[in-house]
Amino acid sequence: LTRGSWATATLKVLAVLALGVLVQTTFGNDLRVHDVAPDFMMLLAVSSGFVGGPDQGAVVGFSSGFVADLFLQGTPVGLSALAGCLAGFSVGWLRANYLRGRLVVAPLVVAAGTVLALALYVVVGYIVGQQQLVAPGDAWLVGVAAVEAVYAAVFALPAVALMAWALKRPSATPAALSQTAVEGLPGTPDRRQLAAARSPRRHRRSPAGVR
Amino acid sequence: LLLVLVLLGVTLITLSDRSGSTGIFAKVRSYAREAAGPFQSAVHSALQPVGNFIYGAVNYQSLERQNQYLREQLAADQAAAVQAASEEEQAQAVMAQEHLSYLSGIPSVAARVVGLGSSNFEQSIEIDMGSADGVVVGQPVVASGGLVGSVESVSSHLASVSVLDDPGFTVGARVVGTGVVGAAVGDGEGNPLQVEDVNIGEQVKKGDALVTSGLPLEHFPAGLPVGTVMSVSSPSGALQLVIRARPFADLADLQFVRVLLWSPQQG
């Protein structure tokens, strides 16, 4: 990406995250099922990994979690950021290595990524002394995970499309956007490229006369 | 890149944890809330009809049950001429029994509840009063009935209140009519409070009222109604009673609250 298109993508991502947190803090509360609200910020974090690969998933996931952290009060700043970063990276890595080109699995992968983000949030939070996260018990945590996963699956395709728009170059057309959502961003390494990068000797022909 | 972000996250968590509720991170959070406030109102107004529709759809069973329950309740009330006193009356009765006047002498400001906390892991509400109205972090918040919680963070015209049933919320509580003191701890939305640190052998029974203890280092004035004891049990081998209490205030339906302009130094 050129500097200009990088800046444009950054602005678009920030706009999406700002919209996400506004929707989370208002509309999200209207969607509560058994007192559990969807987690739109983690949805955006894992969607960015699904669209942009592990690196962009980590960066956007971190940013998404950080923005969410600013609107919480009982947990330290950085906890959601860390969970979003790791979840975005994991989903991006999974997509780049095993699921390239399969948009149909987006709801499943995004739902699993959201559950992973929740688990990381609770486990890391517990480790750093946030015992209240596990106080209501395992059954309640499973309920939260189930509701968040269902909501993530429902909203996965719009979130992936939104992130594809935000992370795409400014000259993107609607057709290119859907192509981005299906194949990931240009420059996102696929499984063969990653394998080749790990073992360059296998693809290099030895000069004649040299063993 | 991942390693750098993980280290950055861990650093932020550490610094935020150490800075407490009045440090730089609390200020950043309050500025973020302040900045988002007008946009939140706009987004909420725009999406509320959709939200209400979806809420009605996904909670249809629950609403139907609630409707049925309310019909039965209404019929029962009409037939039995309503014996139970309202929560506020109950709290007033507790105060009268203790010869205390509820909230008298403590200045307060009324506030409207404008939102709920966005996390599934904390029970909090947003109110439309902030530092410009004299609200500061730590002040007690009450509603008709009794204690609701305390101010957790504040910006110019908004404040976040940590609610009594938040798992991280603890308040010293005294059983009315006895000298028994324990700690009432939140246990998640809709769940009864747990009253801890009451030794086996202490005289506590179902129906006893709890008020804030007001002991030194407490963040609440003495005598605010907290809740009613729902159950008391003493498991074999345990050293302390297992006590559950229902909050006096209706935490599920908070629309207006009062912030007590009180600090522990005044107490």
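The coordinates are above.
All values reported here derive from a predicted model rather than from experimental measurement.

Asks: It is not clear to me how the overall build of chain A should be interpreted in this structure. Could you clarify?
Replies: Broken down by element type, chain A carries eight helices and zero strands. In chain A, the succession of helices and strands from N to C terminus is α-α-α-α-α-α-α-α. In chain A, the share of contacts with a sequence separation of at least 24, taken over all contacts with a separation of at least 6, comes to 70%.

Asks: Got a minute to help me understand the environment of Leu 210 of chain B in this structure?
Replies: Turning to its location among the elements, Leu 210 of chain B is positioned in strand 9 (residues 209–212). Excluding anything up to four places from it in sequence, Leu 210 of chain B contacts Ala 173, Arg 174, Val 175, Val 195, Leu 224, Pro 225, Val 226, Gly 227, Val 229, Ala 245 and Phe 248 of chain B.

Asks: I would appreciate a short explanation of the nonpolar core in the present structure.
Replies: Side chains of a nonpolar character, in soluble globular proteins, are inclined to be buried together. If you look at the biggest cluster of nonpolar residues, it comprises 62 residues, and the most contacted ones within it are Tyr 121 and Met 163 of chain A together with Phe 121 of chain B. Of all elements in the fold, only helix 1 (3–25), helix 3 (40–70), helix 4 (79–98), helix 5 (106–127) and helix 6 (138–167) of chain A together with helix 2 (24–58) of chain B reach the threshold of two or more residues within this core. Ranked by the residues each element gives to this core, the list is headed by helix 6 of chain A, at 14 residues. Ignoring anything within four residues of it in the chain, the contact list for Tyr 121 of chain A reads Leu 72, Thr 75, Leu 79, Ser 80, Ala 83 and Leu 133 of chain A together with Phe 121 of chain B.

Asks: Could you clarify how one ought to interpret the sheet that holds strand 2 (residues 124–127) of chain B in this entry?
Replies: Within a sheet, neighbouring strands are paired by backbone hydrogen bonds and run either parallel or antiparallel to one another. Residues and elements named next belong to chain B. Taken in spatial order, the six strands close into a barrel running 1-2-5-4-3-12, and their pairing is antiparallel. Each strand axis lies, on average, 45° off the axis of its neighbour in the sheet, ignoring direction. Two elements, strand 1 (residues 108–116) and strand 12 (residues 256–260), share five bridges in a ladder whose sense is antiparallel. By the bridge assignment, Ala 111 is partnered in strand 12 with Val 257.

Asks: Can you help me understand unusual backbone geometry in this one?
Replies: With the exception of glycine, most residues fall at negative phi, and the peptide bonds are largely trans. One non-glycine residue, His 34 of chain A, adopts positive backbone phi at about 50°. Relative to the elements of secondary structure, His 34 of chain A occurs in the loop between helix 2 (27–30) and helix 3. You can call His 34 of chain A exposed: its relative accessible area is 67%. At Asp 197 of chain B, a position not held by glycine, the phi torsion is positive, near 65°.

Asks: Looking at this structure, I do not really get the pattern of salt bridges. What am I missing?
Replies: Charged atoms that come close allow side chains of opposite charge to pair. Residue and element names in this part refer to chain B. Inspection of the entire model under this criterion finds four salt bridges over all chains. Put simply, Asp 187 and Arg 244 hold a salt bridge, and the shortest N to O gap is 3.1 Å. With a gap of 57 residues between them, Asp 187 in the loop between strand 7 (181–185) and strand 8 (193–196) and Arg 244 in strand 11 (residues 242–247) connect regions that are remote in the sequence. A relative accessible area of 10% means that Asp 187 is categorised as buried. Accessibility expressed as a relative area gives 26% for Arg 244, which makes it partly exposed.

Asks: I tried to follow the interface of chain B and chain A on my own but got confused; where do I start?
Replies: It is common to report an interface's size as the accessible area lost on association of the parts. In this complex, chain B contributes 46 residues to the contact, which on the side of chain A involves 50 residues. In terms of surface lost to chain A, no three residues of chain B exceed Arg 29, Asn 120 and Phe 121 of chain B, which account for 20% of the buried area on that side. Counting across the chain B and chain A interface gives zero salt bridges. Here chain B and chain A share 15 residue pairs in polar contact (both at pLDDT 80 or more) between them. Residues of the side of chain B that touches chain A, tallied by class, amount to 23 nonpolar, 16 polar and seven charged.

What counts and what doesn't
Residues numbered from 1 in each chain as written. Chains lettered and ligands numbered in written order. Predicted model: local features only at pLDDT ≥ 70, side-chain atom pairs only at ≥ 80, totals over all residues. Heavy atoms only, no water. Helix = DSSP H or I, 4+ residues; strand = E, 2+ residues; numbered from the N terminus. Contact = heavy atoms within 4.5 Å. Core = buried A, V, L, I, M, F, W, Y, C linked by side-chain atoms within 4.5 Å. Buried < 20%, exposed > 50% of the residue type's maximum accessible area, 1.4 Å probe, protein only. Pairing = 2+ DSSP bridges. Axes fitted to C-alpha atoms, helices over the stretch in contact; angles between N-to-C directions. Salt bridge = Lys/Arg side-chain N within 4 Å of Asp/Glu carboxyl O. Buried area = accessible area lost by both parts, 1.4 Å probe. Polar contact = N/O pair within 3.5 Å; in protein donor to acceptor, adjacent residues only side chain to side chain. Nonpolar A, V, L, I, M, F, W, Y, C, P; charged D, E, K, R; others polar.

Fair warning: the whole summary comes from geometry, so function is off the table for now.
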